[in-house]
Amino acid sequence: MATSNHDLVKEFPEFKDAIHELKLSDGHFRKLFDRYHDVDLAISRSEQRIDLRSEEDEEHLRKERVKIKDQLYQILLKTKG
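Note that the structure is predicted; figures quoted are calculated from it, not measured. (Residues numbered from 1 in each chain as written. Predicted model: local features only at pLDDT ≥ 70, side-chain atom pairs only at ≥ 80, totals over all residues. Heavy atoms only, no water.)

Asks: Tell me about the confidence of the model for the chain, and please be specific about residues and values.
Replies: Taken residue by residue, the chain gives an average pLDDT of 92. The fraction at 70 or more is 94%. Of all secondary-structure elements in the chain, the lowest mean pLDDT belongs to helix H1 (residues 8-11), at 92, while helix H2 (residues 16-25) reaches the highest, 97. (pLDDT = per-residue confidence, 0-100. Helix = DSSP H or I, 4+ residues; strand = E, 2+ residues; numbered from the N terminus.)

Asks: I'd like to hear about helix H3 (residues 27-47), residue by residue, with values.
Replies: Helix length check: H3 (21 residues) gives 30 Å between terminal C-alpha atoms against 30 Å at 1.5 Å per residue, within 8%. Of all the positions in H3, only Phe29, Leu32, Phe33, Tyr36, Val39, Asp40, Ala42, Ile43, Ser44, Ser46 and Glu47 are classed as buried. In this structure, the buried side of H3 is in contact with H1, H2 and helix H4 (55-80). Two to three positions downstream of the cap, the backbone nitrogen of histidine 28 sits 2.9 Å from a side-chain oxygen, assigning the N-cap of H3 to aspartate 26. Where H3 ends, the next residue or the one after it, arginine 49, has phi of about 65 degrees, a positive value. (Expected span 1.5 Å × (residues − 1). Buried < 20%, exposed > 50% of the residue type's maximum accessible area, 1.4 Å probe, protein only. Contact = heavy atoms within 4.5 Å. Polar contact = N/O pair within 3.5 Å; in protein donor to acceptor, adjacent residues only side chain to side chain.)

Structural data, given as structure tokens:
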């Protein structure tokens, strides 16, 4: 299986500056950002077979990453207004 890196800035390059600012100024965003990074790293390590996980566990992590990414995106959209 190919490894993936879903770094938030790569996913949303148009929000690079907003991501940086929100990480510094918004505790909730920072917490979500950190969790997103942790989950993405866990998926990557599983794909590389560094950490062995069941398919169900890896799928759960993927769903969690999507959920967090959606929450982060909604916050980022509010910065455009």
